[in-house]
Amino acid sequence: MFLKQYERGRTFVAKLNYGSDLLEELNKICRQEYIKAGYIQVIGAVSSLKYGFYDQSTKEYTYTTYAYDESLEIVSCSGNVSLKDEKPFCHIHIIASDKKGKCIGGHLAAGTSVFAAEVVIQEILGEDLIRELDETTKLTLWK
Ligand code: ZN
């Protein structure tokens, strides 16, 4: 493990546009504001959801898309920002519920359509937090 200490930097609040792509918008904000490290929280609703599941034995993601006629509530959506290939990169997980309260979720993928989304991004300041391929898990993890 490693343990690093950071200080709080800027705090951003954003309201995303109807129909925008949730993950792409978060990445766009972080690249536009050059937020190199931080954490993110989102609440709201999506009209479609695409998430990944990482199979630890095959070391591959499989993706599931939900495009219900009914809306999905974002029950919880959070993640972090760090540098991947020298660019700010958002790693986000999401849980969403249908009208019966049944929850689905996983690793947020591009292809999730925003119905309404309220975002808070907290920048943290300190040593660069860089993602690199981890040979054991085959994931790009903090080095
Ligand atoms: Zn993930």
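Notes on the structure follow. Since this is a predicted model, take the numbers as computed values, not measurements.

For a metal with four tetrahedral donors the ideal donor-metal-donor angle is 109.5 degrees, whereas six octahedral donors ideally subtend 90 or 180 degrees. Only His91 (NE2), His93 (NE2) and His107 (ND1) from the protein coordinate the zinc ion, and they sit 2.0 to 2.1 Å from it. Written as a sequence motif, the donor arrangement for the zinc ion is H-x1-H-x13-H. Relative accessible area serves as the criterion here: at 23%, His91 is assigned to the partly exposed category. His93 gets classed as partly exposed once you look at its relative accessible area, which sits at 42%.

With that out of the way, let us pick up helix 1 (residues 22–32). Buried residues of helix 1: Leu22, Leu23, Glu25, Leu26, Asn27, Ile29 and Cys30, and no others. For helix 1, the secondary structure elements touched by its buried residues are strand 1 (7–16), strand 2 (38–55), strand 4 (72–84), strand 5 (87–97), strand 6 (103–108) and strand 7 (113–125). Where helix 1 begins, the side chain of Asp21 points an oxygen toward the backbone nitrogen of Leu23, at a separation of 3.3 Å. Looking at the residues trailing helix 1, positive phi occurs at Tyr34, about 50°.

The next point concerns the side chain of His107. By secondary structure assignment, the location of His107 is in strand 6. Take His107: its relative accessible area is 15%, and that puts it in the buried class. Side-chain polar atoms of His107 contact the side chain of His91, separated by 3.3 Å. With residues up to four places along the chain from it excluded, the contact list for His107 reads Lys50, Tyr51, Gly52, Tyr61, His91, Ile92 and His93.

What follows is about the pairing of strand 6. Pairing analysis gives 2 bridges linking strand 2 to strand 6, with the strands arranged antiparallel. Within strand 6, the residue paired with Tyr51 across the bridge is Leu108. Relative to strand 6, strand 5 is paired through 5 bridges, and the arrangement is antiparallel. Each bridged residue has a counterpart across the sheet, and for Ile95 the counterpart in strand 6 is Gly105. As consecutive antiparallel partners, strand 5 and strand 6 are separated by 5 residues, and within that stretch Gly101 has a phi angle of approximately 90°, a positive value.

About the thresholds
Residues numbered from 1 in each chain as written. Predicted model: local features only at pLDDT ≥ 70, side-chain atom pairs only at ≥ 80, totals over all residues. Heavy atoms only, no water. Donors = N, O, S within 2.8 Å, 3.2 Å for Na, K, Ca; no water. Buried < 20%, exposed > 50% of the residue type's maximum accessible area, 1.4 Å probe, protein only. Helix = DSSP H or I, 4+ residues; strand = E, 2+ residues; numbered from the N terminus. Contact = heavy atoms within 4.5 Å. Polar contact = N/O pair within 3.5 Å; in protein donor to acceptor, adjacent residues only side chain to side chain. Pairing = 2+ DSSP bridges.

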